[in-house]
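Here are the chains, one letter per residue:
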Amino acid sequence: MKRLFLFPRANRRNRGTILIVAVGTIVVLSILAVGAGSSVSQELRLSAFLTDSNTSFYYGLSAVRAMKAYWQFASSPLVTTFYELRPRPLDFGERTVEAVFSDEEALVNISRSPSEILLRIPGIDGNEALVQEILASPAALKEDLLRLNGMDPEIYATLKDLVTVYGDGKVNINTATPQTLSILGCGEPLVRKIAEFRAGEDALEGTEDDNVFNDVNVIPTLLQPYGLTASEKIFLEGLIFAQRLKTYSGNIRFEMAVKQGNKTLRTIRAVVDLASGQIKRWDEE
Amino acid sequence: MMKNNAFQTGRSVSQGREGFTLVEALIVVSLFAMLGLSLSASFATGLKVWKRAAALVYSQRQPIIGLERLALELRRAVATPSLAFTGSEDQCSFPNVLSEGLWNISYRYDAATEKIYRSAVAAYGEEEAGASRSIINHVENFTLSFYGYNPVSEVMEFMDTWSANLSGLPKAVRVTLQVKGGEFEKVVLIPAGQ
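These figures come from a predicted structure and were not determined experimentally.

Enquirer: Just checking my understanding: could you explain the pattern of salt bridges for this structure?
Expert: Two side chains that carry opposite charge are able to pair once their charged atoms sit near each other. All names here are of chain A. One pass over the full model with this rule turns up 18 salt bridges over all chains. With a shortest N-O distance of 3.9 Å, Glu 94 and Arg 95 are connected by a salt bridge. Across the pair Lys 246 and Glu 105 runs a salt bridge, and its minimum N-O distance is 2.2 Å. With a gap of 141 residues between them, Lys 246 in strand 6 (residues 245-246) and Glu 105 in the loop between strand 2 (95-103) and strand 3 (108-109) connect regions that are remote in the sequence. Given a relative accessible area of 3%, Glu 105 falls into the buried group. Put simply, Asp 52, Glu 94 and Arg 95 are held in one network by salt bridges that share partners.

Structure (structure tokens):
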């Protein structure tokens, strides 16, 4: 009796057909698998993006609050020196916030400075018409300067890193940049003497041995050992009398990189008023 | 020696194993045609299903990404007297610093087209090229409310509108978005409004 098979073994000629069917099936399945894999990978990336985006904001906010509390309890409510503003990583467990700080009041306040100082700002370079425009409409944001007549992107690009709109208009002499001191009218030798005093014994600013001007009235006395001349002394006393200097600051710029391991999840820039605790500006990238 | 050849031996092809009969060839051709048809049909069906699934996934992702963009820009809102933060139930407009300049960013829901539009206008210049474009489609409902001090009730609360008369920026904005297949709600904290 002849045996019947449900799936009889293919004869030599029919094996080719089976091969083609198998290859076709594998191709279709592979396309579907690649598609499904790509879809899952996109979903995972979207999910990671949303998680990073939402959590990074709160890590940045936590870093701001932590540093505000630290400065309040560590020294005074207001920051004074480069050493206090040294960069530091803030560990929040799964994430680290690498924070770099700079003093907004180390810059020239473009909204509260008199015209003789504004005229010395690089970019403005003695342009009296532009200075009158600046004085007529004080800027709440640096970018407000762009709406002024006579202010073009080139001038703005030159001066934007030298000026601020935050603070009371006085410059913190403990953190003032050489450019700021020049704009205030300090000659190069005086700028050098101030920097030498602040740097301390190791001649490096931002280290533990930095010297501090604790009171504006003692600035000339403290600079005397660094060869302060009579004319420089008179000039400094003029600045002090005109209330252009101070020895502390309350407006700090935070540059924060929220990281997971070595991977930067988000970069955040903020300007914070330490005295009131108010965040004046928040930029996320 | 003669080769074993059908022509040379005079033997009929159908009796030998060297070729195919017409019937055999037709069967093979029809088998391949059926095979090809079934393969292409399954491939086309697969592609159709794939496209439909991808469209569904995209329509679900679009509101999430759009909402995230709105949240990011709201967080970057700045307070300046030259540009006020204003808002109502279906639109909001606020100053943002973008690429070295001050911009007025607006989000607006158009119920007729069921779309949310975003526009960016330079505060002291021309409108952004290609601005005012839809960022979320198929929106069934979009509602905004603004958290801040209400001078009428004299308490901090969510309000339906935020006008230039109210001081500065709201502390937070609640965004509710309803699209086909889901509803999203997000409360966005505005750091500069704290």
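Enquirer: Would you mind going over the interface of chain B and chain A with me for this structure?
Expert: Note: interface size is frequently given as the accessible area lost on complex formation between the parts. Across the boundary between the two partners, chain B contributes 30 residues, which contact 35 residues of chain A. Here chain B meets chain A over a buried area of about 2900 Å², counting both sides, of which 66% is carbon and sulfur. One salt bridge in this structure joins Glu 284 of chain A and Arg 75 of chain B, with 2.6 Å as the shortest N-O distance. Between the two partners, chain B and chain A, sit eight residue pairs in polar contact (both at pLDDT 80 or more). For the side of chain B that touches chain A, the secondary-structure elements that each account for two or more residues are helix 2 (22-75), strand 3 (101-110) and strand 9 (182-189) of chain B. A per-element tally of the side of chain B that touches chain A places helix 2 of chain B first, with 12 residues.

Enquirer: Would you explain the confidence of the model for chain B in this entry?
Expert: Residues and elements named next belong to chain B. Overall, the predicted model of chain B reaches an average pLDDT of 82, with 86% of residues at or above 70. In the predicted structure, residues 1-14 sits below a pLDDT of 50 and forms seven contacts with residues beyond four places in sequence or in another chain. Quick note on the complex model: pTM equals 0.77, ipTM equals 0.78.

Enquirer: Can you walk me through the side chain of Asp 273 of chain A in this structure?
Expert: Residues and elements named next belong to chain A. Looking at the secondary structure, you find Asp 273 in strand 8 (residues 263-273). On the basis of relative accessibility, which here comes to 14%, the residue Asp 273 falls in the buried class. Only 3.0 Å separates the side chain of Asp 273 from the backbone nitrogen of Ala 275, close enough to count as a polar contact. Among all residues touching Asp 273, those that are not within four sequence positions of it are Gly 250, Asn 251, Gln 278 and Lys 280.

Enquirer: Looking at this structure, how should I read the pairing of strand 3 of chain B?
Expert: Regular strands place their side chains on alternate faces of the sheet. Residue and element names in this part refer to chain B. Of all 10 residues making up strand 3, seven are buried, and the element is well covered by its neighbours. Sheet analysis places strand 2 (residues 91-98) next to strand 3, joined by eight bridges and oriented antiparallel. Bridging from a neighbouring strand, Gln 91 pairs with Arg 108 of strand 3. What sits between strand 3 and strand 4 (residues 115-122) in their antiparallel hairpin is a turn of four residues, with Glu 114 showing a positive phi close to 55°.

Enquirer: Can you help me understand the sheet that holds strand 2 of chain B in this one?
Expert: Sheet strands line up and pair through hydrogen bonds in the backbone, either parallel or antiparallel. If you walk across this open sheet you meet the five strands as 1-2-3-4-5 (chain B), and the pairing is antiparallel. Looking at which strands have only one partner, the edges of the open sheet turn out to be strand 1 (86-87) and strand 5 (133-136) of chain B.

Enquirer: What's the story with the environment of Trp 71 of chain A in this structure? I'm lost.
Expert: As for its placement among the helices and strands, Trp 71 of chain A is situated in helix 1 (residues 15-74). Linking Trp 71 of chain A and Leu 274 of chain A, residues 203 residues apart in sequence, is a C-alpha distance of 8.6 Å.

Enquirer: Just checking my understanding: could you explain a nonpolar patch on the surface for this structure?
Expert: Residues Leu 19, Val 23, Val 27 and Ile 31 of chain A together with Phe 43, Leu 47 and Trp 50 of chain B make up a contiguous nonpolar surface patch of roughly 600 Å² in combined accessible area. At the level of secondary structure, the elements contributing two or more residues to the nonpolar patch comprise helix 1 of chain A together with helix 2 of chain B. In terms of residue count, the dominant contributor to the nonpolar patch is helix 1 of chain A (four residues). With respect to the helices, strands and loops of the structure, Ile 31 of chain A is situated in helix 1.

Rules and cut-offs
- Residues numbered from 1 in each chain as written.
- Chains lettered and ligands numbered in written order.
- Predicted model: local features only at pLDDT ≥ 70, side-chain atom pairs only at ≥ 80, totals over all residues.
- Heavy atoms only, no water.
- Salt bridge = Lys/Arg side-chain N within 4 Å of Asp/Glu carboxyl O.
- Helix = DSSP H or I, 4+ residues; strand = E, 2+ residues; numbered from the N terminus.
- Buried < 20%, exposed > 50% of the residue type's maximum accessible area, 1.4 Å probe, protein only.
- Contact = heavy atoms within 4.5 Å.
- Buried area = accessible area lost by both parts, 1.4 Å probe.
- Polar contact = N/O pair within 3.5 Å; in protein donor to acceptor, adjacent residues only side chain to side chain.
- pLDDT = per-residue confidence, 0-100.
- Pairing = 2+ DSSP bridges.
- Patch = residues over 30% accessible without salt bridge, like charges linked within 9 Å, V, L, I, M, F, W, Y side chains within 5 Å.
- Areas by Shrake-Rupley, 256 points an atom, 1.4 Å probe, with all protein chains shown as cover.

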